[in-house]
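Analysis of the macromolecular model
For reference, the chains in residue letters:
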Amino acid sequence: MTHPHAIAAKNLFKVFGRAPQTAVDKLRAGASRDQLDDAGTAAVIDASFDVRPGEIFVIMGLSGSGKSTIIRMLNGLHDVTAGTVEVQGDPLTGVSPSRLRTLRRERIAMVFQHFALLPHRTVAANVAYPLEIRGVSKAERLAKAEEILALVGLEGWGDKLPSALSGGMKQRVGIARALAADTDILLMDEAFSALDPLIRREMQEQLLELQRTLQKTIVFITHDLNEAMLLGDRIAVMRDGRIVQIGTPEDILTDPANDYVEQFVQDVDRARVLTAANVMERPRPRVDASAGPRTALRQMRDAYMSAVYVTDRDRKPLGIITDRDAVKLVRAGESSLLGRLQPIPHSVREDEVLMNLFVPAIESPLPLAVLDAEGRLTGVIPRVTLLAALGPGPTATEEITVLPQPVSSAEIDAVLADEAAASGIEGVR
Ligand SMILES: Nc1ncnc2c1ncn2[C@@H]1O[C@H](COP(=O)(O)OP(=O)(O)OP(=O)(O)O)[C@@H](O)[C@H]1O
Ligand SMILES: [Mg+2]
């Protein structure tokens, strides 16, 4: 049965040095990290957080902020100075060494920054190592190792030595070894930091791909904000031993808890983080299919638009009607828009990241249509909004017209007035 928390960390402190408890008392009384004098180095101060099953929980912060110390308290590589850690509802702090070993073996695997492969063993034997510790037979564990190597894209490399592999491949072996342990929880401390940027990018994509099928709980440490934003379902930002904010990437970008976080996120690549849903506006140019061309014309005139989206009763988009076509329909005495609808060239899903919206936005004659999972029109994104969202500061909400010159409102008024007498079909305002 899954416990609501994969990991629950409460009021964790870690002080290295001569008098850790004294230091904790001082910190609890409000002392800062530099006021501890010779009592010790406070690496982690009063950190509390829960990691949910199946999420990627990123811990991010500058060098020395306490990230590695925290993650090592989550699997007992460091004991805590104060506070508690529970894993799937069971205590990890304060347990016997043998219990701790069992927890580590069965529930929490770790991937290290510098791979930590055994150099004289083959790739397959490295991957099979956790199974060996568990006493699984050689044939069985090597078969399993091959299977997992295929999963990380290293099929056929099992009998090579680690020295024959590139950095990216070595880290795949590190991940494969952690996966071989078959634990629900993976801890990854700067796992991709030693890789060059292109390989790193590839590994990030691969981790997300793996995660889609494996659904592990992952605690991932990085000092790279873009990496944190790409991978994290939630992110904890650390500063000087303390967690200063926990939130989704969007929360952290759009609502930074303090100046520190705000400064930190200034350089983030918003196009890869923010989604259509984060920046879309109400679908103002929209008419119901049951409305006629006159209503459509009036809406376009009022919104200074030369076309509108037409939706059915469930707000599913049927097409676009232009002002010219609506004028023709009115003149022809038509009551329905459906005969002159034009197809919607592009629509995007709410969870699409901004980076993927540029081409459709450029090719779209109207503010880009945003659809929810059921295909309903829930918003639109004018190009100016898309551009404004990439800069820091609040999202611009100003509307622009991206269409050719609309039919003039005088002309539309004339058309509507001409037909006013024959308006048995649609009421005039
Ligand atoms: N074993 C130790 N003994 C004494 N001090 C330590 C020890 N481990 C870490 N520290 C100190 O604790 C603080 C936090 O270190 P930690 O390694 O957790 O930071 P980090 O966020 O992982 O940094 P980095 O990004 O450089 O890996 C630092 O000031 C560090 O010097
Ligand atoms: Mg570290």
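Criteria and thresholds
- For every chain, the first residue of the written sequence is number 1, and numbering continues from 1 along that sequence.
- Numbering of ligands from 1 and lettering of chains from A proceed in the order in which they are written.
- Reporting of local features is limited, given that this is a predicted model, to residues whose pLDDT is at least 70; pairs of side-chain atoms are given and counted only at 80 or more, and all residues count toward the totals for whole chains, interfaces and linings.
- Residue ranges assigned to the domains are those given by an automatic or database domain assignment.
- Residue burial here comes from a neighbour count, namely the number of other C-beta atoms, placed from the backbone, that lie within 10 Å of the residue's own C-beta, with 20 or more meaning buried, 12 or fewer meaning exposed, and in between meaning partly exposed.
- Numbering of helices and strands starts at the N terminus; helices are DSSP runs of H or I of at least 4 residues and strands are runs of E of at least 2.
- Directions pointing from the helix axis toward each C-beta atom define the arc.
- Contact criterion: two residues are in contact if their C-beta atoms, reconstructed from the backbone, are within 7 Å.
- Strands qualify as paired when DSSP identifies two bridges or more between them.
- With strands facing away from the observer, any crossover in which the path from the first strand over the helix to the second runs clockwise is taken as right-handed.
- A fitted line through C-alpha atoms serves as each axis, taken over the contacting stretch for helices, and the angle formed by two N-to-C directions is quoted from 0 to 180°.
- Rotating anticlockwise by less than a right angle from the far helix to the near helix defines a left-handed crossing, while the corresponding clockwise rotation defines a right-handed one.
- In this count, Pro and Cys sit with the nonpolar residues alongside Ala, Val, Leu, Ile, Met, Phe, Trp and Tyr, while Asp, Glu, Lys and Arg are called charged and the others, Gly among them, polar.
- To decide nearness, the C-beta atom of each residue is placed from the backbone, and the residue is near a molecule or strand if that atom lies within 6 Å of it.

1. Some thoughts on the domain arrangement of the chain
Interfaces are often sized by the accessible area lost when the parts come together. Domain parsing of the chain yields domain 1 (7-268) and domain 2 (277-422). Each of domain 1 and domain 2 has a C-alpha centre, and these two points are 47 Å apart.

2. Regarding helix α13 (residues 293-303)
Those residues of α13 lying buried are Pro293, Arg294, Ala296, Leu297, Arg298, Met300 and Arg301. The first or second residue beyond α13 is Tyr304, which carries a positive phi of 55 degrees.

3. A few points about helix α16 (residues 383-390)
An α-helix turns once every 3.6 residues. As a result, residues three or four positions apart point the same way. Those residues of α16 that sit buried are Thr385, Leu386 and Ala389. Buried positions in α16, seen along its axis, are confined to an arc of 100 degrees and lie on one side of it. Considering only its buried residues, α16 is in contact with α12 (276-279), α15 (358-363) and β16 (377-381).

4. Topic: the pairing of strand β12 (residues 307-311)
Here β12 lies mainly inside the structure; four of its five residues are buried. One ladder, built from three bridges, connects strand β11 (residues 286-288) with β12; its direction is parallel. Residue Asp288 lies in a different strand from β12, and its bridge partner there is Thr311. Crossover β11 to β12 through α13 is right-handed. Across five bridges, β12 lies against strand β13 (residues 317-322) in antiparallel orientation. Bridge pairing in β13 links Ala307 to Thr322. Remark: five residues form the turn of the hairpin made by β12 and β13, two consecutive strands paired antiparallel; Arg315 in that turn has positive phi of roughly 65 degrees.

5. Describing unusual backbone geometry
The residue Asp37 is not glycine, and still its phi comes out positive at about 50 degrees. Tracing the backbone shows Asp37 in the loop between α1 (20-28) and β2 (41-51). Look at Asp37 and you get exposed, because 12 C-beta atoms sit within 10 Å. Its identity as a non-glycine residue notwithstanding, Gln88 has a phi of 45 degrees, on the positive side. With respect to the helices, strands and loops of the structure, Gln88 is situated in the loop between β4 (82-87) and β5 (90-91). Assessed through the 20 C-beta atoms surrounding it within 10 Å, Gln88 is described here as buried.

6. Some thoughts on the packing of α13 against helix α14 (residues 323-331)
Relative to each other, α13 and α14 sit at 145 degrees, their axes nearing to 9 Å. For the crossing formed where α13 meets α14, the hand is left-handed. Residues Pro293, Arg294, Ala296, Leu297 and Met300 of α13 form the contact with α14, whose own contacting residues are Asp323, Ala326, Val327, Leu329 and Val330. Looking at the contact of α13 with α14, its residues break down into eight nonpolar, no polar and two charged.

7. Brief notes about the site of ligand 1
Surveying the vicinity of ligand 1 reveals the residues Phe16, Thr41, Ala43, Gly61, Ser63, Gly64, Ser65, Gly66, Lys67, Ser68, Thr69 and His223. Broken down by secondary-structure element, the contributors of at least two residues to the shell around ligand 1 are β2 and α2 (67-74). For the shell around ligand 1, the element with the most residues is α2, which contributes three residues. Here the residues of the shell around ligand 1 are counted per class, giving two nonpolar, nine polar and one charged.

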